[in-house]
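Chains, contacts and geometry: an overview
What follows is the residue order along each chain.
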Amino acid sequence: MSNDEINKLIDKYLDGKTTRAEEQQLALAVSKPDALEEWKAISEMLGELALGEAIYDHLIARKKHHTFTLKLSWGIAASVAVLLGWGIYSHYLYQKENFAVLYINGIQMGNETQALSHSTETLSELFSQDDTESSLYELFNPE
(Lines give C-alpha, C1' and ligand atoms only; values in the text may rest on other atoms or scores of the structure.)
Protein backbone atom coordinates (compact mmCIF):
# COMPACT_ATOMS: atom_id res chain seq x y z
CA MET A 1 0.00 0.00 0.00
CA SER A 2 1.15 3.51 -0.70
CA ASN A 3 1.42 6.16 2.00
CA ASP A 4 -1.62 7.99 0.59
CA GLU A 5 -3.72 4.81 0.75
CA ILE A 6 -2.60 4.19 4.33
CA ASN A 7 -3.44 7.79 5.32
CA LYS A 8 -6.92 7.47 3.76
CA LEU A 9 -7.42 4.20 5.64
CA ILE A 10 -6.30 5.89 8.90
CA ASP A 11 -8.86 8.66 8.35
CA LYS A 12 -11.55 6.07 7.68
CA TYR A 13 -10.52 4.18 10.84
CA LEU A 14 -10.65 7.32 12.97
CA ASP A 15 -14.16 8.02 11.62
CA GLY A 16 -15.16 4.49 12.67
CA LYS A 17 -16.03 3.39 9.13
CA THR A 18 -13.48 0.61 8.53
CA THR A 19 -14.31 -3.05 8.16
CA ARG A 20 -12.46 -5.78 10.00
CA ALA A 21 -10.45 -6.59 6.89
CA GLU A 22 -9.48 -2.93 6.44
CA GLU A 23 -8.40 -2.72 10.07
CA GLN A 24 -6.21 -5.76 9.57
CA GLN A 25 -4.65 -4.19 6.45
CA LEU A 26 -4.07 -1.01 8.43
CA ALA A 27 -2.55 -2.92 11.36
CA LEU A 28 -0.09 -4.67 9.02
CA ALA A 29 0.82 -1.43 7.26
CA VAL A 30 1.44 0.71 10.35
CA SER A 31 3.35 -1.98 12.24
CA LYS A 32 6.10 -2.39 9.66
CA PRO A 33 9.58 -1.38 10.80
CA ASP A 34 9.81 1.31 8.11
CA ALA A 35 6.41 2.83 9.00
CA LEU A 36 6.21 6.57 9.54
CA GLU A 37 6.55 7.79 13.12
CA GLU A 38 3.09 9.41 13.04
CA TRP A 39 1.54 6.00 12.38
CA LYS A 40 2.90 4.52 15.61
CA ALA A 41 -0.03 6.04 17.57
CA ILE A 42 -2.50 4.31 15.22
CA SER A 43 -0.61 1.06 15.73
CA GLU A 44 -1.05 1.42 19.50
CA MET A 45 -4.74 2.30 19.07
CA LEU A 46 -5.31 -0.84 17.02
CA GLY A 47 -3.54 -2.84 19.67
CA GLU A 48 -1.68 -6.11 19.69
CA LEU A 49 -4.86 -8.15 19.20
CA ALA A 50 -5.70 -6.54 15.85
CA LEU A 51 -2.10 -6.88 14.74
CA GLY A 52 -2.00 -10.53 15.84
CA GLU A 53 -5.23 -11.27 13.97
CA ALA A 54 -3.92 -9.50 10.89
CA ILE A 55 -0.67 -11.45 10.93
CA TYR A 56 -2.52 -14.74 11.54
CA ASP A 57 -4.97 -14.10 8.68
CA HIS A 58 -2.11 -13.11 6.41
CA LEU A 59 -0.22 -16.32 7.21
CA ILE A 60 -3.33 -18.46 6.68
CA ALA A 61 -3.97 -16.80 3.31
CA ARG A 62 -0.36 -17.47 2.25
CA LYS A 63 -0.65 -21.08 3.39
CA LYS A 64 -3.85 -21.56 1.38
CA HIS A 65 -2.15 -20.04 -1.64
CA HIS A 66 0.87 -22.29 -1.14
CA THR A 67 -1.36 -25.36 -0.77
CA PHE A 68 -3.27 -24.44 -3.94
CA THR A 69 0.00 -23.90 -5.83
CA LEU A 70 1.31 -27.25 -4.61
CA LYS A 71 -1.88 -29.05 -5.64
CA LEU A 72 -1.81 -27.31 -9.01
CA SER A 73 1.80 -28.37 -9.56
CA TRP A 74 1.03 -31.99 -8.72
CA GLY A 75 -2.03 -31.87 -10.97
CA ILE A 76 0.01 -30.59 -13.89
CA ALA A 77 2.73 -33.19 -13.27
CA ALA A 78 0.14 -35.99 -13.16
CA SER A 79 -1.50 -34.74 -16.37
CA VAL A 80 1.85 -34.65 -18.16
CA ALA A 81 2.65 -38.17 -16.94
CA VAL A 82 -0.71 -39.50 -18.15
CA LEU A 83 -0.34 -37.83 -21.56
CA LEU A 84 3.20 -39.08 -21.92
CA GLY A 85 2.15 -42.62 -20.99
CA TRP A 86 -0.76 -42.49 -23.41
CA GLY A 87 1.55 -41.25 -26.18
CA ILE A 88 4.05 -44.04 -25.60
CA TYR A 89 1.30 -46.66 -25.46
CA SER A 90 -0.31 -45.31 -28.65
CA HIS A 91 3.05 -45.27 -30.43
CA TYR A 92 3.66 -48.86 -29.36
CA LEU A 93 0.24 -49.93 -30.68
CA TYR A 94 0.79 -48.08 -33.94
CA GLN A 95 4.18 -49.70 -34.44
CA LYS A 96 2.78 -53.10 -33.58
CA GLU A 97 -0.12 -52.83 -36.01
CA ASN A 98 1.79 -51.16 -38.83
CA PHE A 99 2.60 -54.12 -41.06
CA ALA A 100 1.49 -55.45 -44.41
CA VAL A 101 -0.07 -58.85 -44.98
CA LEU A 102 0.31 -60.75 -48.23
CA TYR A 103 -1.69 -63.84 -49.07
CA ILE A 104 -0.45 -66.15 -51.82
CA ASN A 105 -2.78 -68.97 -52.80
CA GLY A 106 -4.59 -68.57 -49.48
CA ILE A 107 -1.41 -68.76 -47.40
CA GLN A 108 -0.37 -65.73 -45.32
CA MET A 109 3.17 -64.64 -46.01
CA GLY A 110 4.63 -63.15 -42.84
CA ASN A 111 8.19 -62.84 -44.05
CA GLU A 112 8.68 -59.61 -46.02
CA THR A 113 11.67 -60.94 -47.96
CA GLN A 114 9.83 -64.10 -48.97
CA ALA A 115 6.73 -62.10 -50.05
CA LEU A 116 8.83 -59.65 -52.09
CA SER A 117 10.69 -62.51 -53.75
CA HIS A 118 7.44 -64.29 -54.68
CA SER A 119 5.92 -61.02 -56.02
CA THR A 120 8.99 -60.41 -58.17
CA GLU A 121 8.86 -63.95 -59.56
CA THR A 122 5.16 -63.63 -60.39
CA LEU A 123 5.64 -60.31 -62.16
CA SER A 124 8.61 -61.71 -64.08
CA GLU A 125 6.52 -64.67 -65.25
CA LEU A 126 3.69 -62.37 -66.31
CA PHE A 127 5.83 -60.05 -68.36
CA SER A 128 8.01 -62.76 -69.85
CA GLN A 129 5.06 -64.34 -71.64
CA ASP A 130 4.35 -63.37 -75.20
CA ASP A 131 0.67 -62.91 -74.58
CA THR A 132 0.93 -60.47 -71.65
CA GLU A 133 -2.34 -58.72 -72.38
CA SER A 134 -4.44 -61.89 -72.25
CA SER A 135 -2.61 -63.08 -69.12
CA LEU A 136 -3.38 -59.83 -67.33
CA TYR A 137 -6.98 -60.03 -68.48
CA GLU A 138 -7.29 -63.57 -67.08
CA LEU A 139 -5.57 -62.55 -63.86
CA PHE A 140 -7.79 -59.56 -63.11
CA ASN A 141 -11.06 -60.79 -64.69
CA PRO A 142 -11.51 -64.40 -63.67
CA GLU A 143 -14.83 -65.93 -64.65
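Notes on the structure follow.

Rules and cut-offs
- In this numbering scheme, every chain counts its residues from 1 along its sequence in written order.
- Residue-level local features of this predicted model are given only where pLDDT is at least 70; pairs of side-chain atoms are given and counted only at 80 or more, and the full residue set underlies all totals for whole chains, interfaces and linings.
- Based on all heavy atoms of the structure, the side-chain values leave hydrogens and waters out of the count.
- Secondary structure is summarised from DSSP: a helix means a run of H or I of at least four residues, a strand means a run of E of at least two, and numbering begins at the N terminus for each.
- Here a helix's expected span is defined as the number of its residues, less one, multiplied by 1.5 Å.
- Note on exposure labels: buried denotes an accessible area under 20% of the residue type's maximum, exposed denotes more than 50%, and partly exposed covers the range between, all computed with a 1.4 Å probe on protein chains only.
- In this description, one arc is meant: the one made by directions from the helix axis to the C-beta atoms.
- Two distance rules govern patches: like charges are joined within 9 Å, and nonpolar side chains (Val, Leu, Ile, Met, Phe, Trp, Tyr) within 5 Å, applied only to residues with over 30% relative accessible area and no salt bridge.
- The Shrake-Rupley method, run with a 1.4 Å probe sphere, supplies the accessible areas, and residue values consider only the shown protein chains as cover.
- By convention in these notes, a salt bridge is any Lys or Arg side-chain nitrogen within 4 Å of a carboxyl oxygen on Asp or Glu.

**Observations concerning helix 1 (residues 3–14)**
Along an α-helix, a turn takes 3.6 residues, which lines up residues three or four apart on a common side. When the terminal C-alpha atoms of helix 1 are compared, their 16 Å separation across 12 residues agrees well with the 16 Å that a helix rising 1.5 Å per residue should span. Buried residues of helix 1: I6, L9, I10 and Y13, and no others. Around the axis of helix 1, the buried residues are gathered within 105 degrees of arc, so they sit on the same side. Opposite the packed face of helix 1, turned more than 90 degrees from it, sit the exposed residues D4 and K8.

**Looking at a nonpolar patch on the surface**
A cluster of nonpolar side chains, namely F68, L72, I76 and V80, defines an oily patch on the protein surface of about 400 Å² accessible area. Checked against the element boundaries, V80 lands in helix 3 (residues 40–97).

**Focus: the pattern of salt bridges**
This structure, assessed with the given rule, holds 1 salt bridge. A salt bridge links K12 to E22, with the shortest nitrogen-to-oxygen separation between them at 2.8 Å. Pair noted here: K12 is in helix 1 and E22 is in helix 2 (residues 20–30), with a separation of 10 residues, a long-range link. By relative accessible area, E22 is classed as buried at 18%.

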